[in-house]
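Remarks on the overall topology
Okay, here's what each chain looks like letter by letter:
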Amino acid sequence: MNFRVKAIILDRDGIRRALTRIAHEIIERNKGVDNAVLIGIRRRGVPLALRLAEKIKQIEGCTVPVGFLDITLYRDDLTQLGYHAKLSRTEVPFPVTDRTVILVDDVLYTGRTVRAAMDAIMDLGRPKAIQLASLVDRGHRELPIRADYVGKNVPTSSREIISVQVEEIDGQDQVLILEKTE
Amino acid sequence: MLTIAGLSRKQRERFFLGGKRLPSKHCLGLAALSAKEINEILENAVPMKQVISRDIKKVPALRGKTVVVLFYEPSTRTRVSFELAAKHLSADTVNVSASTSSVVKGESLVDTARTIKALGADLVVLRHPSAGAPHLLARLIDVPVINAGDGMHEHPTQALLDIFTLRERKGTLKGLKVVIIGDILHSRVARSNIWGLTKLGADVHLVAPPTLLPAGIERAGVTVHHRPEEALVDSDVVMVLRLQRERQRQGLIPGVREYARMYGLNAARLALARPDAVVMHPGPINRGVEIADDVADGSRAVITEQVTNGVAVRMSVLYLLTLGRGA
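Residues numbered from 1 in each chain as written. Chains lettered and ligands numbered in written order. Predicted model: local features only at pLDDT ≥ 70, side-chain atom pairs only at ≥ 80, totals over all residues. Heavy atoms only, no water.

It is worth spelling out the packing of aromatic side chains at this point. A full pass over the atoms with the stated rule returns one aromatic pair over all chains. Plain terms: the ring middles of Tyr-259 of chain B and Tyr-263 of chain B are 5.4 Å apart, the flat faces sit at 25 degrees to each other, and that makes the pair stacked. Taken together, the residues Tyr-259 of chain B and Tyr-263 of chain B, both in helix 10 (residues 256-263) and four residues apart, mark about one turn of the helix. A relative accessible area of 3% means that Tyr-259 of chain B is categorised as buried. Sitting over the face of the ring of Tyr-109 of chain A, Arg-138 of chain A holds its NZ or CZ atom 3.9 Å from the ring centroid. If you follow Arg-227 of chain B out to its NZ or CZ, it ends over the ring of Tyr-263 of chain B, 6.0 Å from the centre. (Phe/Tyr/Trp six-rings, centres within 6.5 Å; stacked < 30°, edge-to-face > 60°. Helix = DSSP H or I, 4+ residues; strand = E, 2+ residues; numbered from the N terminus. Buried < 20%, exposed > 50% of the residue type's maximum accessible area, 1.4 Å probe, protein only. Lys NZ or Arg CZ within 6 Å of the ring centre and 35° of its normal.)

Think of it this way: side chains of opposite charge can pair up when their charged atoms draw near. In this structure the tally under the stated criterion is 31 salt bridges over all chains. Residue Glu-142 of chain A is joined to Arg-112 of chain A by a salt bridge in which the shortest nitrogen-to-oxygen separation is 2.7 Å. Remark: Arg-112 of chain A occurs in helix 3 (residues 112-122) and Glu-142 of chain A occurs in the loop between strand 5 (129-137) and strand 6 (149-153); sequence separation between them is 30 residues. Notably, a salt bridge pairs Asp-276 of chain B with Arg-274 of chain B, separated by 3.3 Å at the nearest N-O pair. (Salt bridge = Lys/Arg side-chain N within 4 Å of Asp/Glu carboxyl O.)

In this section: the sheet that holds strand 4 (residues 145-150) of chain B. Residues and elements named next belong to chain B. As summarised here, the arrangement of the four strands in space is 2-1-3-4, forming an open sheet in which the pairing is parallel. The sheet terminates laterally at strand 2 (92-97) and strand 4, the two strands that pair on one side only. Pairwise comparison of adjacent strand axes, ignoring direction, gives a mean angle of 15 degrees for this sheet. Across the sheet, helix 13 (residues 303-322) lies against strand 1 (66-71), strand 3 (123-128) and strand 4, angled at about 140 degrees from strand 4, the strand it touches most. (Pairing = 2+ DSSP bridges. Axes fitted to C-alpha atoms, helices over the stretch in contact; angles between N-to-C directions. Contact = heavy atoms within 4.5 Å.)

Counting 114 residues, the largest nonpolar core has Ile-180 and Leu-197 of chain B as its most contacted members. Setting aside chain neighbours within four positions, we find Leu-197 of chain B in contact with Ile-163, Leu-166, Leu-173, Val-178, Ile-180, Ala-202, Val-204 and Met-239 of chain B. In terms of nonpolar packing, the next biggest core, distinct from the first, is built from 33 residues, Leu-10, Leu-19, Ala-23 and Val-136 of chain A among them. (Core = buried A, V, L, I, M, F, W, Y, C linked by side-chain atoms within 4.5 Å.)

Turning to the side chain of Asn-147 of chain B, a few remarks are in order. Residues and elements named next belong to chain B. As for its position among the elements, Asn-147 is in strand 4. Only 2.9 Å separates the side chain of Asn-147 from the backbone oxygen of Leu-28, close enough to count as a polar contact. A polar contact of 2.7 Å, which involves the side chain of Asn-147, links it to the backbone nitrogen of Gly-149. (Polar contact = N/O pair within 3.5 Å; in protein donor to acceptor, adjacent residues only side chain to side chain.)

Before going further, it helps to spend a moment on the pairing of strand 7 (residues 160-165) of chain A. All names here are of chain A. Most of strand 7 is tucked away, with five of its six residues classed as buried. Direction of pairing for strand 7 relative to strand 8 (residues 174-181): antiparallel, over a ladder of six bridges. For Ser-163, the partnering residue across the bridge sits in strand 8 and is Leu-176.

Moving on to the packing of helix 2 (residues 35-52) of chain B against helix 13 of chain B. Packed helix pairs are characterised by how far apart their axes lie and by the angle those axes make with each other. All names here are of chain B. Closest axis-to-axis distance for the helix 2/helix 13 pair is 7 Å, and the angle between their directions is 120 degrees. As summarised for this structure, helix 2 and helix 13 are arranged oblique, according to the angle between their axes. Between helix 2 and helix 13 lies a crossing whose hand is right-handed. Together, Glu-40, Ile-41, Asn-44, Ala-45, Met-48, Lys-49, Val-51 and Ile-52 of helix 2 and Thr-308, Asn-309, Val-311, Ala-312, Val-313, Met-315, Ser-316, Val-317, Tyr-319 and Leu-320 of helix 13 make up the contact between the two elements. Tallied by class, the residues present in the contact of helix 2 with helix 13 amount to 12 nonpolar, four polar and two charged. (Parallel < 35°, antiparallel > 145°, perpendicular 65-115°, else oblique. Left-handed = near helix turned anticlockwise from the far one by under 90°. Nonpolar A, V, L, I, M, F, W, Y, C, P; charged D, E, K, R; others polar.)

The peptide bond linking Arg-42 of chain A to Arg-43 of chain A adopts the cis configuration, its omega dihedral lying at 5 degrees. Within the secondary structure, Arg-43 of chain A sits in the loop between strand 2 (36-41) and helix 2 (45-60). Between Gly-283 of chain B and the following residue, Pro-284 of chain B, the backbone shows a cis peptide bond with an omega angle of -10 degrees. Tracing the chain through its elements places Pro-284 of chain B in the loop between strand 9 (278-280) and helix 12 (293-296). For Asp-98 of chain A, which is not a glycine, the phi torsion comes out positive at approximately 70 degrees. Inspection of the secondary structure puts Asp-98 of chain A in the loop between strand 3 (66-69) and strand 4 (100-108).

Residues and elements named next belong to chain A. Both faces of strand 3 are covered, namely the face carrying Val-66 and Phe-68 and the face carrying Gly-67 and Leu-69. Pairing of strand 2 with strand 3, which is carried by four bridges, proceeds in the parallel orientation. Of the residues in strand 3, the one forming a bridge with Gly-40 is Phe-68.

Written out as structure tokens, the structure is:
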């Protein structure tokens, strides 16, 4: 199967501006970030969570703890994959109980990843609240889940693929919309 | 009745290769695993260890799967370790203990395999007094089989947890001088460790009286000694094996006390090893026989760590085998 680049949704500056806005929204909505922690979902939620923490530090002058979550063991399609997904480490070196946990991911699609991430967080403790930040929301939800902070809403068809590329993993910052070609 | 002798030549070859052609379906022994496969199991054990160090020691990965733990030999720690590993992954476990006395080996294993099939098991953990029993079971049923010890042959998950513990402590196995002291001849733990450690580049030395060493073991790429003092110098790891007391009745050693004096790991002998050397023992321990009290309870012993790591490593093996691979 081949893919054709249909459009560039966000370029480097676009991603930067979206994250800056989300950082402001997080601070505003939580009336500061004293009780907040950021947890990035592996893999591309991780650099995004780190960037959000950096921006919040620039704006508010305080450091928000950042953790990373591997949700593989919580996936609902794990036994149907037919192959094993390689596990990564979960690194949440602080208690989440009574904190406001802000989950960070690159794309919000069916909502199943977020469901798995919420279950994983609940097994680490009992947060006061869980919020969700996503760089792209492409629709097609299969579960009653919505994001609290969205970088960009992108209406898509299920034939299309959203490719989020971040410098830390892919060498460049951009969000593409790809289309399958037969 | 299915016996090993009744198999065709091709089947027999496959049987003795220990599942080489299906490298990922079963975990029968470290002889059949590549260094890459061993490392894959160890890598996945790291997040598993995180899971069991939390307050809520459970993930839903194997929900709805059934693991049958079938033991034809008495065991507490290995059985409990497998059972806990399966439960931490949310699998359902069924324990079946068969007493060796009432078992006619080949036949009963075939019958048991039929029962397991009918019960709808997704994975079987088997301990059996006969070498090769798990390999036979693996041929009879189409679910993954984990060898939890077969006769004097292999005990792969024990070696994997030993290697995992060493990796945590030492970073890498490459170039480590590992000394294994004790009854090598009857030890499946030693055999699996020799395979695993040499594959990962460790320098393996064996110490035992000549009567407790298998003939030709040097060909496995290890160095053989008969006196602990000459082997222990500059060692990074000392692995002590349990002395089974019935060996004395078989005339293989003159006496348990003499064995303790000649081969027991005490503080004086351990002083020959490197200052950061660690002491391992697969348990259960005969205090005062193969290992002195002060060494077993000393700061260099990692024996309780081995037990904890055993659960993590077995979770990793259960995870990899139950969810299948290679798509």
